[in-house]
Amino acid sequence: IRAVPDALLIIGKDDRIEIANETAREIFRGGDASGDLVGLYYYEVVRSPQLYSLIDRARETGEPVAEELRVELPEERFYRVMISPLRFGEKGDSAVVLFHDTTQIRMLERMRTDFVANVSHEIKTPVTAIKGFAETLLDGAIDDRDNAIHFLRTIQKNSERLNRLVEDLLMLSRVELGEIQIMKEEVAAGDIFEHVRETLSERAAARGLDFRVSLPEGDSRFMADRNRTIQIFLNLAENAIKFTESGSVELGVERGYDRIILYVRDTGIGIPGDLISRLGERFFRVDPSRSRELGGTGLGLAIVKHLLRAQGWDMEIRSEEGKGTEVRVVIPNVTRK
Ligand code: ADP
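Residues numbered from 1 in each chain as written. Predicted model: local features only at pLDDT ≥ 70, side-chain atom pairs only at ≥ 80, totals over all residues. Heavy atoms only, no water.

Caption draft 1: Main features of the environment of Gly-280. The residue Gly-280 is located in the loop between β10 (260-266) and α8 (288-293) in this model. Expressed as a C-alpha distance, the spacing of Gly-280 and His-150, which sit 130 residues apart in the sequence, is 35 Å. Sequence-distant contacts of Gly-280, that is, excluding residues within four places in its chain, are made with Leu-301, Ala-302 and Lys-305. (Helix = DSSP H or I, 4+ residues; strand = E, 2+ residues; numbered from the N terminus. Contact = heavy atoms within 4.5 Å.)

What follows is the structure in structure tokens.
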């Protein structure tokens, strides 16, 4: 009984617990494994009317029963509960109750359902716009040239949006499935940042931002998948530009004893403190309509997080609302040369 990883209780005829294994003590005594459950009434220990009726049923029929049970301990948990009468076929006798923890499976299922709902919602908006404007054009608006061009532009904008969404989803699924091969070679921070600067400096200038790269003396080298690393910093720098109204975006390096930190720092709108930990969740945005307006899909940071993890790196986000944000990519095990 002690070796059973699931929580196990044996309940006597008088409804008192006769045997409880360690897992049961941990779960139902809120982590205090010392508090024994033996001698207590089972309904004092697990407060769940569903469980009471299951136990009654097993006792009345003398047959084993199993069901999924939701309990609050006080946090929500799910168990697959199996109850067998101790002596098969005898009614009203002792029963063995086994609790198999299915909380994680349930949470994953919930995440999957949420994800499907989110994707459908994200796709629906541009599709509705494309459909609507195409119909309007076919219904005669095509002959009104100025308006027709405006409608076509809207169709174009929304199809681009759909395209970005599909591309990000494909990318995300490829990294999540582990289909993306990480090929590490020695790279220089200066080289990565130069690439990002070339791609984005025009966009930053168009928004009147000072876009700069600051490197410490002597180049900082580390092992990385070059293209994926460029992709990470393009994403981070793009966000910095998008969410900064005025001031600067800076790409830089901090060298520690055995690690390197590459950061993207901006003087933008910042992120409310209580939401920082949620960044990187798929489709999580501080301000969804603003993100969409700026062409975002809400998947950028989720992709970044996976690309970092695939290389064994971490991300830290420091931010202050109205002041700015600093996203720090921590690359461990870099020895100084
Ligand atoms: P997107 O940029 O497409 O909305 P991301 O996954 O890249 O999606 O980012 C998620 C959210 O995180 C953004 O919508 C924004 O609210 C917030 N965010 C990311 N980077 C920054 C930043 N540098 N400054 C302020 N907010 C940011």
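Caption draft 2: Representation of the site of the ligand in the model. In the region of the ligand, 19 residues are neighbours, and Asn-239, Ser-291, Thr-297, Gly-298 and Leu-301 sit closest. Contact between the ligand and Gly-300: an oxygen atom at 3.3 Å from a main-chain N or O atom of the residue. Of the pockets mapped on this structure, the ligand occupies the largest pocket. Contributions of two or more residues to the shell around the ligand are made by α7 (226-242) and α9 (300-310). Looking at the shell around the ligand element by element, the count peaks at three residues for α7. Residues of the shell around the ligand, tallied by class, amount to eight nonpolar, eight polar and three charged. (Near = heavy atom within 4 Å. Polar contact = N/O pair within 3.5 Å; in protein donor to acceptor, adjacent residues only side chain to side chain. 1 Å grid on protein atoms, 1.4 Å probe; cavity = no way out; pocket = protein on both sides within 12 Å on 5 of 7 lines; lining within 4 Å. Sits in = over half its atoms within 2 Å of the grid points. Nonpolar A, V, L, I, M, F, W, Y, C, P; charged D, E, K, R; others polar.)

Caption draft 3: Quick peek at the nonpolar core. Within the largest apolar cluster, 50 residues are counted, with the highest numbers of intra-cluster contacts made by Phe-211, Phe-222, Ile-232, Phe-233, Leu-236, Leu-262 and Trp-313. Setting aside anything within four residues of it in sequence, one finds Phe-222 in contact with Glu-185, Glu-186, Val-187, Ala-189, Ile-260, Leu-262, Trp-313, Ile-331 and Val-334. Judged by nonpolar contacts, the second largest core, of 25 residues, contains Ala-7, Ile-17, Leu-51 and Leu-69. (Core = buried A, V, L, I, M, F, W, Y, C linked by side-chain atoms within 4.5 Å. Buried < 20%, exposed > 50% of the residue type's maximum accessible area, 1.4 Å probe, protein only.)

Caption draft 4: Here's a closer look at the packing of aromatic side chains. The final tally for this structure, using the stated rule, is 10 aromatic pairs. When the centroid spacing of 5.9 Å and the interplanar angle of 70° are considered together, the rings of Tyr-42 and Tyr-52 count as edge-to-face. Placement of Tyr-42 in helix α2 (residues 42-45) and of Tyr-52 in helix α3 (residues 49-61) is noted, with a sequence separation of 10 residues between them. Summarising the aromatic geometry, the rings of Tyr-79 and Phe-99 are spaced 6.0 Å apart at their centres and angled 90° between planes, so their arrangement reads as edge-to-face. With Tyr-79 in strand β4 (residues 76-85) and Phe-99 in strand β5 (residues 95-101), this pair connects stretches of sequence that are 20 residues apart. As far as the burial class goes, Tyr-79 and Phe-99 line up, both buried. Grouping aromatic residues by their ring pairs yields a cluster made of Tyr-41, Tyr-42, Tyr-43 and Tyr-52. Just above the ring of Phe-78 sits the side chain of Arg-106; from NZ or CZ to the centre is 4.3 Å. The ring of Phe-115 carries Arg-282 above its face, with NZ or CZ at 4.1 Å from the centroid. (Phe/Tyr/Trp six-rings, centres within 6.5 Å; stacked < 30°, edge-to-face > 60°. Lys NZ or Arg CZ within 6 Å of the ring centre and 35° of its normal.)

Caption draft 5: Region of the structure containing the packing of helix α6 (residues 189-206) against α7. Direction vectors running N to C along α6 and α7 enclose 35°, while the axes themselves pass 9 Å from each other. As α6 packs across α7, the resulting crossing turns out to be right-handed. In this structure, α6 contributes Asp-191, Ile-192, Phe-193, His-195, Val-196, Thr-199, Leu-200, Arg-203 and Ala-204 to the contact, and α7 contributes Arg-226, Thr-229, Ile-230, Phe-233, Leu-234, Ala-237, Glu-238 and Ile-241. In terms of residue class, the contact of α6 with α7 is made up of 10 nonpolar, three polar and four charged. (Axes fitted to C-alpha atoms, helices over the stretch in contact; angles between N-to-C directions. Left-handed = near helix turned anticlockwise from the far one by under 90°.)

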